[in-house]
Amino acid sequence: MKRERATGLLQDMITRLEQGGWPLGLVDEVYVFGSYARGALEPNDVDVVIEHGTDRRWLGESLDASINGRDSYVGMKQALRGRARRMSFQFRGRSSLLDEGFDLFLLWRKGEPFSLARERLASLTADPEAGPAPRDHMLPEFEGLQSLVPRPARIELFTRRTKGKISITPLRLKDAELEDPVAALHVRRRWVGTSPLRRAAACALVALEQRGVDLGEVTLHGRRLFGRDQQAEHYFVDLGWNGFGSMGRLLDSSVTWLEVLRPHRSKTMDALLIEPMPHP
(Lines give C-alpha, C1' and ligand atoms only; values in the text may rest on other atoms or scores of the structure.)
Protein backbone atom coordinates (compact mmCIF):
# COMPACT_ATOMS: atom_id res chain seq x y z
CA MET A 1 0.00 0.00 0.00
CA LYS A 2 1.31 3.45 -0.91
CA ARG A 3 1.96 5.83 1.97
CA GLU A 4 -0.46 8.38 0.54
CA ARG A 5 -3.25 5.81 0.70
CA ALA A 6 -2.39 4.93 4.31
CA THR A 7 -2.42 8.63 5.27
CA GLY A 8 -5.85 8.99 3.68
CA LEU A 9 -7.18 6.10 5.74
CA LEU A 10 -6.00 7.76 8.94
CA GLN A 11 -7.43 11.13 7.89
CA ASP A 12 -10.79 9.49 7.26
CA MET A 13 -10.63 7.78 10.68
CA ILE A 14 -9.99 11.12 12.40
CA THR A 15 -13.01 12.60 10.62
CA ARG A 16 -15.21 9.73 11.81
CA LEU A 17 -14.00 10.19 15.38
CA GLU A 18 -14.76 13.89 15.13
CA GLN A 19 -18.32 13.13 13.97
CA GLY A 20 -18.77 11.03 17.10
CA GLY A 21 -21.70 8.78 17.80
CA TRP A 22 -21.73 5.34 19.36
CA PRO A 23 -19.37 3.50 19.80
CA LEU A 24 -16.75 6.07 18.75
CA GLY A 25 -17.65 8.19 21.75
CA LEU A 26 -16.08 5.49 23.93
CA VAL A 27 -12.62 6.01 22.38
CA ASP A 28 -10.13 7.55 24.81
CA GLU A 29 -6.80 7.39 22.95
CA VAL A 30 -5.53 6.58 19.46
CA TYR A 31 -1.93 5.58 18.69
CA VAL A 32 -0.15 4.68 15.45
CA PHE A 33 2.79 2.28 15.33
CA GLY A 34 4.63 -0.01 12.95
CA SER A 35 6.03 0.71 9.51
CA TYR A 36 3.74 3.66 8.73
CA ALA A 37 4.69 5.46 11.93
CA ARG A 38 8.38 4.91 11.11
CA GLY A 39 7.92 6.57 7.71
CA ALA A 40 7.77 3.59 5.31
CA LEU A 41 6.83 4.54 1.76
CA GLU A 42 4.85 1.30 1.28
CA PRO A 43 3.66 0.00 4.66
CA ASN A 44 2.06 -3.45 4.80
CA ASP A 45 -0.95 -1.93 6.56
CA VAL A 46 -1.78 0.77 9.10
CA ASP A 47 -1.31 -0.36 12.69
CA VAL A 48 -3.53 1.50 15.14
CA VAL A 49 -4.00 1.12 18.91
CA ILE A 50 -7.39 2.07 20.33
CA GLU A 51 -7.84 2.61 24.06
CA HIS A 52 -11.50 2.90 25.02
CA GLY A 53 -13.98 2.89 27.84
CA THR A 54 -17.27 1.03 28.14
CA ASP A 55 -20.90 1.75 28.86
CA ARG A 56 -23.96 -0.39 29.54
CA ARG A 57 -24.69 -0.87 25.84
CA TRP A 58 -21.10 -1.94 25.13
CA LEU A 59 -21.10 -4.44 27.97
CA GLY A 60 -24.43 -5.89 26.85
CA GLU A 61 -23.44 -6.24 23.20
CA SER A 62 -20.03 -7.66 24.11
CA LEU A 63 -21.66 -10.31 26.29
CA ASP A 64 -24.10 -11.20 23.51
CA ALA A 65 -21.26 -11.45 20.98
CA SER A 66 -19.24 -13.69 23.28
CA ILE A 67 -22.18 -16.02 23.88
CA ASN A 68 -22.90 -16.28 20.15
CA GLY A 69 -19.30 -16.65 19.00
CA ARG A 70 -18.95 -13.22 17.39
CA ASP A 71 -16.23 -10.60 17.58
CA SER A 72 -17.42 -7.87 19.92
CA TYR A 73 -15.25 -5.33 18.08
CA VAL A 74 -16.84 -5.68 14.63
CA GLY A 75 -19.01 -2.60 15.14
CA MET A 76 -16.18 -0.43 16.41
CA LYS A 77 -13.87 -1.53 13.58
CA GLN A 78 -16.49 -0.61 10.99
CA ALA A 79 -17.16 2.72 12.69
CA LEU A 80 -13.44 3.56 12.66
CA ARG A 81 -12.54 2.50 9.13
CA GLY A 82 -15.80 2.44 7.18
CA ARG A 83 -15.46 0.15 4.18
CA ALA A 84 -11.69 0.51 4.02
CA ARG A 85 -9.29 -2.40 4.39
CA ARG A 86 -5.65 -2.55 5.41
CA MET A 87 -6.17 -1.06 8.87
CA SER A 88 -5.10 -3.32 11.74
CA PHE A 89 -6.53 -2.41 15.14
CA GLN A 90 -5.18 -3.35 18.57
CA PHE A 91 -7.84 -2.68 21.18
CA ARG A 92 -6.63 -1.89 24.68
CA GLY A 93 -3.17 -3.03 23.63
CA ARG A 94 -1.06 0.00 24.60
CA SER A 95 0.51 -1.51 27.74
CA SER A 96 1.35 -4.87 26.18
CA LEU A 97 2.87 -3.25 23.08
CA LEU A 98 5.01 -0.93 25.20
CA ASP A 99 6.15 -3.94 27.23
CA GLU A 100 7.19 -5.60 23.96
CA GLY A 101 9.29 -2.57 23.04
CA PHE A 102 7.07 -1.02 20.35
CA ASP A 103 7.19 2.73 19.83
CA LEU A 104 3.69 4.20 19.88
CA PHE A 105 2.88 7.59 18.36
CA LEU A 106 -0.02 9.40 20.04
CA LEU A 107 -2.46 10.58 17.39
CA TRP A 108 -5.34 11.77 19.57
CA ARG A 109 -6.56 11.75 23.17
CA LYS A 110 -10.11 12.45 24.34
CA GLY A 111 -10.57 16.14 25.13
CA GLU A 112 -8.04 17.32 22.54
CA PRO A 113 -9.12 19.21 19.41
CA PHE A 114 -9.14 17.05 16.30
CA SER A 115 -7.07 19.69 14.55
CA LEU A 116 -4.21 18.56 16.81
CA ALA A 117 -4.67 14.98 15.61
CA ARG A 118 -4.38 16.19 12.01
CA GLU A 119 -1.25 18.18 12.86
CA ARG A 120 0.32 15.13 14.49
CA LEU A 121 -0.55 12.99 11.48
CA ALA A 122 1.06 15.54 9.14
CA SER A 123 4.22 15.40 11.26
CA LEU A 124 4.69 11.70 10.41
CA THR A 125 6.77 12.30 7.32
CA ALA A 126 8.08 9.73 4.88
CA ASP A 127 11.47 8.08 5.40
CA PRO A 128 12.76 6.23 2.29
CA GLU A 129 15.10 4.22 4.52
CA ALA A 130 12.34 2.88 6.78
CA GLY A 131 10.82 0.06 4.71
CA PRO A 132 8.05 -2.27 5.90
CA ALA A 133 8.53 -3.64 9.39
CA PRO A 134 9.06 -7.40 9.66
CA ARG A 135 6.01 -9.12 11.14
CA ASP A 136 6.37 -10.59 14.60
CA HIS A 137 5.00 -13.93 15.85
CA MET A 138 5.35 -15.55 12.43
CA LEU A 139 4.99 -19.27 11.71
CA PRO A 140 5.85 -21.26 8.57
CA GLU A 141 2.12 -21.94 8.17
CA PHE A 142 1.56 -18.19 7.64
CA GLU A 143 3.95 -18.03 4.66
CA GLY A 144 2.28 -16.03 1.91
CA LEU A 145 -0.74 -15.36 4.12
CA GLN A 146 0.81 -12.99 6.67
CA SER A 147 -1.16 -9.94 5.51
CA LEU A 148 -4.40 -11.89 6.10
CA VAL A 149 -3.65 -12.87 9.71
CA PRO A 150 -4.06 -9.90 12.09
CA ARG A 151 -1.51 -9.46 14.84
CA PRO A 152 -3.74 -10.57 17.75
CA ALA A 153 -4.46 -13.80 15.86
CA ARG A 154 -0.78 -14.29 15.06
CA ILE A 155 0.09 -13.97 18.75
CA GLU A 156 -2.64 -16.39 19.83
CA LEU A 157 -1.77 -19.01 17.24
CA PHE A 158 2.00 -18.59 17.60
CA THR A 159 1.79 -19.12 21.36
CA ARG A 160 -0.39 -22.21 21.10
CA ARG A 161 1.57 -23.68 18.17
CA THR A 162 4.98 -23.27 19.82
CA LYS A 163 3.63 -24.90 23.01
CA GLY A 164 2.41 -27.87 20.99
CA LYS A 165 -1.23 -27.20 21.81
CA ILE A 166 -2.46 -26.96 18.20
CA SER A 167 -1.59 -27.90 14.65
CA ILE A 168 -2.21 -25.47 11.77
CA THR A 169 -2.89 -26.55 8.19
CA PRO A 170 -3.18 -23.92 5.41
CA LEU A 171 -5.96 -24.74 2.94
CA ARG A 172 -6.77 -23.40 -0.52
CA LEU A 173 -10.56 -23.44 -0.72
CA LYS A 174 -12.38 -24.68 -3.81
CA ASP A 175 -15.81 -23.98 -5.24
CA ALA A 176 -17.96 -27.13 -5.23
CA GLU A 177 -21.50 -28.28 -4.47
CA LEU A 178 -22.29 -29.27 -0.92
CA GLU A 179 -23.49 -32.85 -0.59
CA ASP A 180 -25.40 -32.15 2.63
CA PRO A 181 -28.76 -30.65 1.50
CA VAL A 182 -29.57 -29.15 4.90
CA ALA A 183 -26.23 -27.35 5.02
CA ALA A 184 -26.70 -26.08 1.46
CA LEU A 185 -30.17 -24.74 2.34
CA HIS A 186 -28.82 -23.06 5.46
CA VAL A 187 -26.18 -21.19 3.43
CA ARG A 188 -28.65 -20.14 0.71
CA ARG A 189 -31.18 -18.80 3.19
CA ARG A 190 -28.66 -17.05 5.38
CA TRP A 191 -26.83 -15.00 2.74
CA VAL A 192 -27.84 -13.45 -0.58
CA GLY A 193 -26.19 -14.81 -3.70
CA THR A 194 -23.84 -11.84 -4.10
CA SER A 195 -22.50 -11.99 -0.53
CA PRO A 196 -18.84 -12.99 -0.18
CA LEU A 197 -19.83 -14.69 3.08
CA ARG A 198 -22.16 -17.03 1.22
CA ARG A 199 -19.37 -18.26 -1.03
CA ALA A 200 -16.89 -18.44 1.85
CA ALA A 201 -19.32 -20.43 4.00
CA ALA A 202 -20.08 -22.90 1.21
CA CYS A 203 -16.40 -23.42 0.37
CA ALA A 204 -15.50 -23.92 4.04
CA LEU A 205 -18.25 -26.50 4.56
CA VAL A 206 -17.20 -28.31 1.38
CA ALA A 207 -13.62 -28.47 2.70
CA LEU A 208 -14.84 -30.04 5.94
CA GLU A 209 -17.21 -32.38 4.14
CA GLN A 210 -14.35 -33.61 1.95
CA ARG A 211 -12.38 -34.37 5.12
CA GLY A 212 -15.19 -36.61 6.34
CA VAL A 213 -16.62 -34.18 8.91
CA ASP A 214 -20.25 -34.57 10.00
CA LEU A 215 -21.64 -31.07 9.33
CA GLY A 216 -24.09 -31.57 12.18
CA GLU A 217 -21.11 -30.93 14.48
CA VAL A 218 -20.32 -27.55 12.89
CA THR A 219 -21.06 -24.03 14.09
CA LEU A 220 -21.00 -21.76 11.03
CA HIS A 221 -20.13 -18.11 11.63
CA GLY A 222 -21.72 -18.14 15.07
CA ARG A 223 -24.79 -20.28 14.30
CA ARG A 224 -25.56 -23.98 14.25
CA LEU A 225 -26.94 -25.40 11.01
CA PHE A 226 -30.71 -25.88 10.75
CA GLY A 227 -31.96 -28.51 13.20
CA ARG A 228 -28.48 -29.56 14.31
CA ASP A 229 -28.41 -27.94 17.77
CA GLN A 230 -28.78 -31.30 19.50
CA GLN A 231 -25.44 -32.55 18.18
CA ALA A 232 -22.15 -31.80 19.93
CA GLU A 233 -20.07 -28.88 18.63
CA HIS A 234 -16.72 -30.14 17.35
CA TYR A 235 -15.98 -27.62 14.57
CA PHE A 236 -16.25 -23.85 14.31
CA VAL A 237 -16.14 -22.11 10.91
CA ASP A 238 -15.25 -18.42 11.09
CA LEU A 239 -15.38 -16.00 8.16
CA GLY A 240 -12.88 -13.15 8.26
CA TRP A 241 -11.94 -13.30 11.97
CA ASN A 242 -15.44 -12.27 13.01
CA GLY A 243 -15.52 -14.64 15.98
CA PHE A 244 -11.89 -14.36 17.04
CA GLY A 245 -12.85 -13.41 20.59
CA SER A 246 -14.13 -16.97 21.11
CA MET A 247 -11.13 -18.76 19.61
CA GLY A 248 -9.21 -19.41 22.82
CA ARG A 249 -12.23 -20.73 24.70
CA LEU A 250 -13.22 -23.10 21.88
CA LEU A 251 -9.72 -24.41 21.28
CA ASP A 252 -9.42 -25.09 25.01
CA SER A 253 -12.66 -27.07 24.69
CA SER A 254 -11.10 -29.23 21.91
CA VAL A 255 -13.15 -27.60 19.14
CA THR A 256 -11.40 -27.47 15.74
CA TRP A 257 -11.38 -23.98 14.16
CA LEU A 258 -11.53 -23.31 10.41
CA GLU A 259 -10.77 -19.67 9.58
CA VAL A 260 -11.55 -18.32 6.11
CA LEU A 261 -8.99 -15.53 5.94
CA ARG A 262 -10.64 -13.12 3.52
CA PRO A 263 -14.08 -13.97 2.10
CA HIS A 264 -14.50 -12.85 -1.51
CA ARG A 265 -17.16 -13.21 -4.19
CA SER A 266 -14.76 -14.35 -6.90
CA LYS A 267 -11.07 -14.33 -5.90
CA THR A 268 -9.12 -17.29 -4.53
CA MET A 269 -9.74 -17.85 -0.84
CA ASP A 270 -7.37 -19.35 1.73
CA ALA A 271 -8.13 -20.78 5.14
CA LEU A 272 -6.36 -22.07 8.23
CA LEU A 273 -7.48 -25.34 9.81
CA ILE A 274 -6.54 -25.09 13.49
CA GLU A 275 -6.79 -28.39 15.34
CA PRO A 276 -6.29 -28.85 19.09
CA MET A 277 -3.66 -31.43 19.93
CA PRO A 278 -4.61 -34.30 22.28
CA HIS A 279 -3.82 -33.63 25.92
CA PRO A 280 -0.87 -35.70 27.18
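Structure first, text after, so check above.
Reading the values: the criteria
Residues numbered from 1 in each chain as written. Predicted model: local features only at pLDDT ≥ 70, side-chain atom pairs only at ≥ 80, totals over all residues. Heavy atoms only, no water. Patch = residues over 30% accessible without salt bridge, like charges linked within 9 Å, V, L, I, M, F, W, Y side chains within 5 Å. Areas by Shrake-Rupley, 256 points an atom, 1.4 Å probe, with all protein chains shown as cover. Salt bridge = Lys/Arg side-chain N within 4 Å of Asp/Glu carboxyl O. Lys, Arg positive; Asp, Glu negative; His and termini not counted. Charge placed at Lys NZ, Arg CZ, Asp CG, Glu CD. Helix = DSSP H or I, 4+ residues; strand = E, 2+ residues; numbered from the N terminus. Pairing = 2+ DSSP bridges. Axes fitted to C-alpha atoms, helices over the stretch in contact; angles between N-to-C directions. Parallel < 35°, antiparallel > 145°, perpendicular 65-115°, else oblique. Left-handed = near helix turned anticlockwise from the far one by under 90°. Contact = heavy atoms within 4.5 Å. Buried < 20%, exposed > 50% of the residue type's maximum accessible area, 1.4 Å probe, protein only. Polar contact = N/O pair within 3.5 Å; in protein donor to acceptor, adjacent residues only side chain to side chain. Phe/Tyr/Trp six-rings, centres within 6.5 Å; stacked < 30°, edge-to-face > 60°. Lys NZ or Arg CZ within 6 Å of the ring centre and 35° of its normal.

Asker: Go over a positive patch on the surface, please, and point to the residues and values.
Answerer: A cluster of like positive charges, contributed by R85, R86, R262 and K267, occupies part of the molecular surface. Inspection of the secondary structure puts K267 in the loop between β9 (256-260) and β10 (270-276).

Asker: Quick one: what's the story with the sheet that holds β10, residue by residue and with numbers?
Answerer: Taken together, the six strands give an open sheet; going across it, the order is β5-β10-β9-β8-β6-β7, and neighbouring strands pair in mixed fashion. Of all strands in the sheet, those bounded by a partner on one side alone are β5 (166-172) and β7 (223-224). Alignment of β5 against β10, held across seven bridges, turns out to be antiparallel. Across the sheet, T169 pairs through a bridge with L273, a residue of β10.

Asker: Provide a residue-level description of the sheet that holds strand β4 (residues 105-109), including the pertinent values.
Answerer: With mixed pairing, four strands are arranged side by side in an open sheet as β3-β2-β1-β4. Edge positions in the sheet fall to β3 (87-91) and β4, since each of these pairs with one other strand and no more. Direction aside, neighbouring strands of the sheet carry axes that sit 25° apart on average. Direction of pairing for strand β1 (residues 27-33) relative to strand β2 (residues 46-52): antiparallel, over a ladder of six bridges.

Asker: Mind laying out the packing of helix α8 (residues 181-190) against helix α9 (residues 196-210), listing which residues take part and the relevant values?
Answerer: Relative orientation of the contacting elements α8 and α9 amounts to 165°, with a least axis distance of 9 Å. What the angle tells us is that α8 and α9 run roughly antiparallel. Like other packed secondary-structure pairs, α8 and α9 cross with a definite hand, here right-handed. Residues A183, V187 and R188 of α8 lie in contact with α9, whose contacting residues are R198, A201, A202 and L205.

Asker: Quick one: what's the story with unusual backbone geometry, residue by residue and with numbers?
Answerer: Going from W22 to P23, the amide bond is cis rather than trans, its omega being 5°. Even without a glycine there, the phi angle at H221 is positive, about 50°. Residue classification places H221 among the buried positions, given a relative accessible area of 13%. If you check the backbone angles, S254 has positive phi at about 70° while not being a glycine. Along the polypeptide, S254 turns up in the loop between α10 (247-252) and β9. Here S254 falls in the partly exposed class, since its relative accessible area comes to 42%.

Asker: With reference to specific residues and values, describe the side chain of R151.
Answerer: Position of R151 relative to the elements: it lies in helix α7 (residues 151-162). One polar contact links R151 to E100, side chain to side chain, over a distance of 2.6 Å. Residues within four places of R151 in sequence aside, it is in contact with S88, Q90, L97, E100, F102, D136 and H137.

Asker: So what about the packing of aromatic side chains? Which residues, and what values?
Answerer: Per the stated rule, a full pass over the model turns up eight aromatic pairs. Arranged with centres 4.0 Å apart and planes meeting at 10°, the rings of Y73 and F91 form a pair that is stacked. Of the two residues, Y73 is situated in the loop between α3 (56-67) and α4 (74-81) and F91 in strand β3; the sequence distance between them amounts to 18 residues. Grouping residues by exposure puts Y73 and F91 together as buried. The structure contains a cluster of three or more aromatic residues connected by ring pairs, namely W22, W58, Y73, F89 and F91. A cation over a ring is seen here: R3 above Y36, with NZ or CZ 4.0 Å from the ring centre. A cation over an aromatic ring shows up here: R57 above the ring of W22, its NZ or CZ 3.7 Å from the ring centre.

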